[in-house]
Amino acid sequence: MKDFQVPIEAEQDTEPAAGRIGDPAAFILRETELLTPPLIPEVTLHLASDCLPLWELTEEELAERGLPPPFWAFAWAGGQAVSRYILDHPETVRGKRVLDFGSGSGLCAIAALKAGAAEVLAADIDVFAYEAIRLNAKANGVTLTATRADLVGTPCADWDTVLVGDMCYEQPLAGRIEAWLRGLMREGKQVLIGDPGRTYLPKENIDKLIAYAVKTDRRLEDLDVKNTAVWQLVARPS
């Protein structure tokens with residue numbers, strides 16, 4: 001995996017050449033629409049209107065099979081919940097340095113900037129997510145930084161607040177992330193997690209801040225509306 005970090009400056013961006021095989025930005029522009037997530041009318045994203053065809057097209061584009069679903073193409077319930085919370089409680093991120101981990105579409109990163117964050121890093125190892133973040137930053141007129149580096153295990157000393165939307169869906173990934181996030185929390189970072197009741201959400205030393213009813217798509221979830229909470233990791237005496 002190539003490890004790099006690039007500033008995304010929407011006002012200086014140029015359009016990718018359309019139709020070029022292997023060009024994720026062109027693929028995203030071709031196969032998605034600018035849509036508003038149900039819970040976050042303040043933000044517009046390049047999103048898919050149908051899950052399965054886009055998944056198949058992604059496999060075709062990369063000439064591979066068995067790729068994971070294009071998580072970057074959907075406004076997942078956990079990310080919407082975190083975004084709604086920080087937009088309604090801007091003091092959570094105002095003037096702070098924010099890491100949006102597992103950023104996907106960049107929704108939480110964009111919401112943090114709209115809520116007054118001083119700077120934001122959107123981190124996602126998927127090259128399509130990286131390009132989606134770039135395009136979505138442009139669509140919303142914000143400037144952020146993105147990376148495809150795998151940050152799990154790094155100290156992240158430069159960040160005050162870590163946002164995690166919907167990352168507790170499978171093991172061992174969730175366990176690996178939890179251990180890292182708890183380490184960051186012990187270093188004084190604020191860690192907020194948006195989750196609609198995934199199996200591997202941490203069960204201990206975590207406080208519920210708020211819950212939202214988030215409209216979802218039955219092609220992605222088991223319900224039309226998911227009760228989705230924003231949680232904060234906390235330290236308690238043993």
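Going along each chain's sequence as written, the residues are numbered from 1 onward. Local features in a predicted model are, by the rule used here, given only for residues with pLDDT of at least 70; side-chain atom pairs are given and counted only at 80 or more, and totals for whole chains, interfaces and linings are based on all residues. Derived side-chain values reflect all non-hydrogen atoms in the structure, with water molecules and hydrogen atoms excluded from consideration.

Here the focus is the packing of aromatic side chains. Here the aromatic set is Phe, Tyr and Trp, taking the six-membered ring for Trp, and pairing holds for ring centres within 6.5 Å; pairs whose planes are under 30 degrees apart are stacked, those over 60 apart are edge-to-face, and all others are tilted. Inspection of every chain in the model, using the stated rule, returns six aromatic pairs. With 5.3 Å between their ring centres and 75° between their planes, F27 and F128 make a pair best called edge-to-face. With F27 in helix α1 (residues 24-31) and F128 in helix α5 (residues 127-140), this residue pair connects regions lying 101 residues apart in the sequence. An aromatic cluster of at least three residues, connected via ring pairs, comprises F27, W72 and F128. We count a stretch as a helix when DSSP gives it H or I for four or more residues in a row; a strand needs E for two or more, and each element gets its number in order from the N terminus.

In this section: the nonpolar core. To form a nonpolar core, buried Ala, Val, Leu, Ile, Met, Phe, Trp, Tyr and Cys residues must be joined to one another through side-chain atoms within 4.5 Å. Under the scheme applied here, a residue whose accessible area is under 20% of the maximum for its type counts as buried, over 50% as exposed, and between as partly exposed, the area being computed with a 1.4 Å probe on protein chains only. Counting 36 residues, the largest nonpolar core has I86, V120, L144 and L163 as its most contacted members. Within the residue set of this core, elements represented by two or more residues are β3 (45-47), α3 (77-88), α4 (107-114), β5 (119-123), α5, β6 (143-147) and β9 (206-215). The element contributing the most residues to this core is α4, with seven residues. In this description, contact between two residues means that some pair of their heavy atoms is separated by no more than 4.5 Å. Discounting chain neighbours no more than four positions away, the residues touching V120 are V98, A109, A112, L113, L144, T145 and W159. With 24 residues, the next largest nonpolar core counts W159, W180, M185 and I206 among its residues.

The subject of this paragraph is helix α2 (residues 51-62). Note that an α-helix has 3.6 residues per turn; residues three or four places apart therefore point the same way. Expected helix span is taken as 1.5 Å per residue step, with the number of steps being one fewer than the number of residues. The terminal C-alpha atoms of α2, which comprises twelve residues, lie 17 Å apart, in line with the 16 Å expected from a rise of 1.5 Å per residue. Of the residues making up α2, those classed as buried are C51, L54, T58, E59 and E61. Projection of α2 onto a plane perpendicular to its axis shows the buried side chains occupying an angular sector of 160°, all on one side. It is the directions from the helix axis to the C-beta atoms whose arc is reported.

What follows concerns the environment of L173. Topologically, L173 is positioned in helix α6 (residues 173-186). In sequence terms L173 and Y200 are 27 residues apart; their C-alpha atoms lie 9.3 Å from each other.

Before going further, it helps to spend a moment on the packing of α1 against α2. At their nearest, the axes of α1 and α2 sit 12 Å apart, and the two run at 155° to each other. As judged from the angle between their axes, α1 and α2 are roughly antiparallel. Handedness of the α1/α2 crossing: right-handed. For the pair α1 and α2, contact is made by F27, R30 and E31 and by L54, L57, T58 and E61, respectively. Gly falls in the polar group here, along with every residue not listed as nonpolar (Ala, Val, Leu, Ile, Met, Phe, Trp, Tyr, Cys, Pro) or charged (Asp, Glu, Lys, Arg). When the residues that make up the contact of α1 with α2 are grouped by side-chain class, the tally is three nonpolar, one polar and three charged. Axis definition: a line fitted to C-alpha atoms, limited for helices to the stretch in contact. Angles are taken between N-to-C directions and run from 0 to 180 degrees. Angle categories are assigned with fixed cut-offs, so that under 35 degrees is roughly parallel, over 145 is roughly antiparallel, 65 to 115 is roughly perpendicular, and the rest are oblique. Should the near helix be turned anticlockwise from the far one by less than a right angle, the crossing is left-handed, and should it be turned clockwise, the crossing is right-handed.

Whenever a carboxyl oxygen of Asp or Glu lies within 4 Å of a side-chain nitrogen of Lys or Arg, that contact is scored as a salt bridge. Applying the stated criterion to the full structure yields eight salt bridges. Between D88 and R84 there is a salt bridge, and its shortest N-O distance comes to 3.0 Å. With D88 and R84 both in helix α3 and four residues apart, this pair spans about one turn of that helix. Residue D88 is classed as partly exposed on the basis of its relative accessible area, which comes to 42%. You can call R84 buried: its relative accessible area is 10%. Where D160 meets R97, a salt bridge forms, and the shortest distance between an N and an O atom there is 2.8 Å. Here D160, found in the loop between β6 and β7 (161-165), pairs with R97, found in strand β4 (residues 97-101); they are 63 residues apart in sequence, far enough to count as distant. The partly exposed category is assigned to D160, whose relative accessible area is 27%. Accessibility expressed as a relative area gives 29% for R97, which makes it partly exposed. Overlapping salt bridges bring together E42, R84 and D88 as one network.

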